[in-house]
Structures are given as C-alpha cells and as structure tokens.
Amino acid sequence: MVSDEYEPNPDYPPPKAGEPPLHRAARCGDHDAVRALVAAGADVNAVFDMQLDPGGPAMPATPLLVAAGSGDGAGVDTVELLLKLGAAPRRKLLGRSAARFACRGLGFNYRPGGDASRLRRFLELGCDPDETWHGITLVAEAAWAGDPERVRALLRAGANPDPPGTEGGTDHAKTAGLVYYQIPVFLAALEAGTEMIGMLLDAGADAHVTDKGDHNALFYAASADVALLLAGAGVDLEAPDEFGWTPLVGAMVDGNVERAAGLLAAGANVHYTHDRGYTVFMSAVSSPERSIEMMRLIIGAGADPHAVTELGWNAFHAAVDVNGYEANTEESVRGTLEFLHRLGVDINHRDSHGATPLTRARASGTPIVMRILQELGAQ
C-alpha cells in the first residue's frame, strides 16, 4: 500500500499561487464547483503548471490530470465528471498522461495521490500501459508509489515489467546506464514489496537486472523478506558492484540490519573481503550508519573481528575516520570502540606503516575518537 508518511516542505505549500479555480476544484474533488465553473465558461482542458518546487521541472496539467493524481479529495468519480464535461482523456503534456499522474500523484509537496481505480479507468480509455517518460515507465512509477494494485493493473493491461532497453538480459541493462528509479524490481525491493516483486517476476521481469553502478536488486532490499525472496529467485548474493562491494557489504554501509539479516539467512558470505582485505565487519564498523546491533549480527554470523587487511589495518583502524554526523557523535564512537575493546581487538595494533589506531586518529580522526581510544588504553 502507499505509505502514509507525508512530510511537506512548509515553504512551498499547496495551492500554488495562481492555481485556476477549476484546477483547484478538480484537485479537491469539489464536484459542485467543477460543474459551476464549467457552466460559467471555464475551459475544462486548460493547462496550468502545478509544480510547487521552484527549482523543479515544469508540470503542466489539465484539470483531468490534476484529478488523476490528486490526494486532496479527488477520485475516480471526479475523473468521470470531468470526462462527461468534455475533458480529453488521452492528452499528454510534456510526455505525461493522466495515467502517469494516477500512478504517482502530483509530486513534490502534494499529498500522495492517484490510485488503482483511476489508473484502470485511464487504461480503459486508451492510455498506453508502456508509456515511458525520461526512461521511467508507468510500472516503475506504480512500484515507486508502493502500491501493488497499480502495478497489477498495468501488468494486466500488458505493460512490460522491465525497464526499456533491457531486452536480452542484464548486459543490456548495463549498457543502457539505468538508475534505480527506472527499474521496477529495484523500486519494489525498496518498498519492501514482496507482493509486487512476485507479480513482476511472474510477469517475466528480469530478476538479474543491474543498474549503471553494477548493483543488482539485493542492494535495494528494504527487508529480510525481500532479500530472501530475491535470493530465492536466483539473484547473485556475491555479485560485486563497481566498488567491489557485495550486497552484504552494501547493507553494512547503509546500516540496514533487516537487509543484512535476510542476506545472511540466504547464505551471503560473511567472510567476503574487498579493497585488499577489508572485511564485512570492518564495513559495519566504519559505516556512517553504524550500530552495535549490526556488529553483533555479523559477529553472530561468524565474522572474525580480529582480521587484518593487507595494509595491516584492524577493526580499530577502520573505526577511526568515519564520515557521517551520527557516526561521529560521542555515543556512536564510544559504543563502537568499547565494543571492539570487549571483543579483544588489539587497540595498539600497528599497520604496515607502523601506525596504531591512535596514530591514525591523530592524523585523520576527531578529538572524541582520540580521547576514547586513550581512555581504553591506546598508546
């Protein structure tokens, strides 16, 4: 289902300045006002730019397109009224039809809108289920909205479950230079949409598609259930991305404990290393989203906290210079360093250049890191 989470930007609230009365009536589902305005001569196919983001691209829309994507009271009955009054059902503006608005809503700062009933109506009226705008299909839009019913409506109308340019498999996806928001399976994974993923795979979607960064769908799994489903569909648990990270390393960096748990349950290699021996555990320790929960999960799965890289780094070295505000708070630093200390990781281990974790902290760490290392006995 579409998420109820809604955090508007108070600087640019709807309605947009200059919004025509008929557009507003259509957006709010005020049928009496719609009838009165059209009877008084308002153009039912007039165009107004509904974009609220001052830096965003134009979003021209007729009252019908607004009703298609509104979350402010309009519904399929509003659509039917506008059609009865002469609205053009298949008109596109800058490549976007009413079906696209029904898939994703009105966008920035508007309440989440559109729904399956409105989408189905526009498909019945002849809108193309494979409509593509900037490489984003309607299926991708519906998956991005997190609504399996909209995805189902499109697939039943014959929509291609894969992004354009990927016919023939994963190699084509790479050469197409796709980004995650163009790939329906990735978007379904991000929305923890096991139902959507199942529908897409049943419709023939390529489970092995990769984006331009060589990520497969497992890098985007929002939950353990999604990770297990994708792994069960044959998505490669150990496929490295452009940085040499596997999906499990990606979960460490993202701080996604749910995804990591699913990947481990599916058999991901907890002993994998990249970048001259940097371990999965080190990735957890050095993550901007690091947490003791993640570190315990990896240790529980068999990771060796005492491992050393080819450059001689141990987990303390990895924990010193970490990007991210939360990772550099005293709570995070103390929790991480004390956890490593309790595990028995050598706090005075020297790397191949003779640098201890404290030496590294003096060069590139923070005063908090240096202080806590010294409290724990670093020399």
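Refer to the structure printed above.
Residues numbered from 1 in each chain as written. Predicted model: local features only at pLDDT ≥ 70, side-chain atom pairs only at ≥ 80, totals over all residues. Heavy atoms only, no water.

(A) Quick look at the side chain of S97. With respect to the helices and strands, S97 occurs in the loop between α4 (76-84) and α5 (98-104). For S97, a relative accessible area of 2% translates into the label buried. For S97, the residues in contact, after removing those within four places along its chain, are L65, R91, K92, C127 and E131. (Helix = DSSP H or I, 4+ residues; strand = E, 2+ residues; numbered from the N terminus. Buried < 20%, exposed > 50% of the residue type's maximum accessible area, 1.4 Å probe, protein only. Contact = heavy atoms within 4.5 Å.)

(B) A look at the side chain of S287. Among the structural elements, S287 can be located in the loop between α15 (280-285) and α16 (292-300). Of the residues examined, S287 reaches a relative accessible area of 2% and is grouped as buried. A distance of 3.1 Å separates a polar side-chain atom of S287 from the backbone oxygen of M252. S287 has contacts with M252, V253, G255, V322 and A327, leaving out every residue within four places of it along the chain. (Polar contact = N/O pair within 3.5 Å; in protein donor to acceptor, adjacent residues only side chain to side chain.)

(C) Layout of the packing of helix α8 (residues 148-156) against helix α11 (residues 194-202). The geometry of α8 relative to α11 is characterised by a closest axis approach of 9 Å and an angle of 10° between their N-to-C directions. Comparing their axes, α11 and α8 come out roughly parallel. Contacts from P148, V151, R152 and L155 in α8 reach E195, M196, M199 and L200 in α11. (Axes fitted to C-alpha atoms, helices over the stretch in contact; angles between N-to-C directions. Parallel < 35°, antiparallel > 145°, perpendicular 65-115°, else oblique.)

(D) The arrangement of a nonpolar patch on the surface in detail. A cluster of nonpolar side chains, namely Y180, Y181 and L190, defines an oily patch on the protein surface of about 240 Å² accessible area. Under the relative-accessibility criterion, Y180 is labelled partly exposed at 31%. (Patch = residues over 30% accessible without salt bridge, like charges linked within 9 Å, V, L, I, M, F, W, Y side chains within 5 Å. Areas by Shrake-Rupley, 256 points an atom, 1.4 Å probe, with all protein chains shown as cover. Salt bridge = Lys/Arg side-chain N within 4 Å of Asp/Glu carboxyl O.)

(E) Layout of helix α13 (residues 247-254). Within α13, 7 of the 8 residues are buried, leaving the element largely enclosed by the surrounding structure. Those residues of α13 not exposed but buried are P247, L248, V249, G250, A251, M252 and V253. Buried positions along α13 lie against α14 (257-266), β5 (273-274), α15 and α16. Looking one or two places after α13, you find G255, whose phi comes out positive at around 70°.

(F) Representation of α8. Counting buried residues in α8 gives 7 out of 9 residues, a clear majority hidden from the surface. All buried positions along α8 are accounted for by P148, R150, V151, R152, A153, L154 and L155. Where α8 begins, the capping side chain belongs to D147, and its oxygen is found 3.0 Å from the backbone nitrogen of E149.

Limitation: the analysis is restricted to geometry and does not speak to function.
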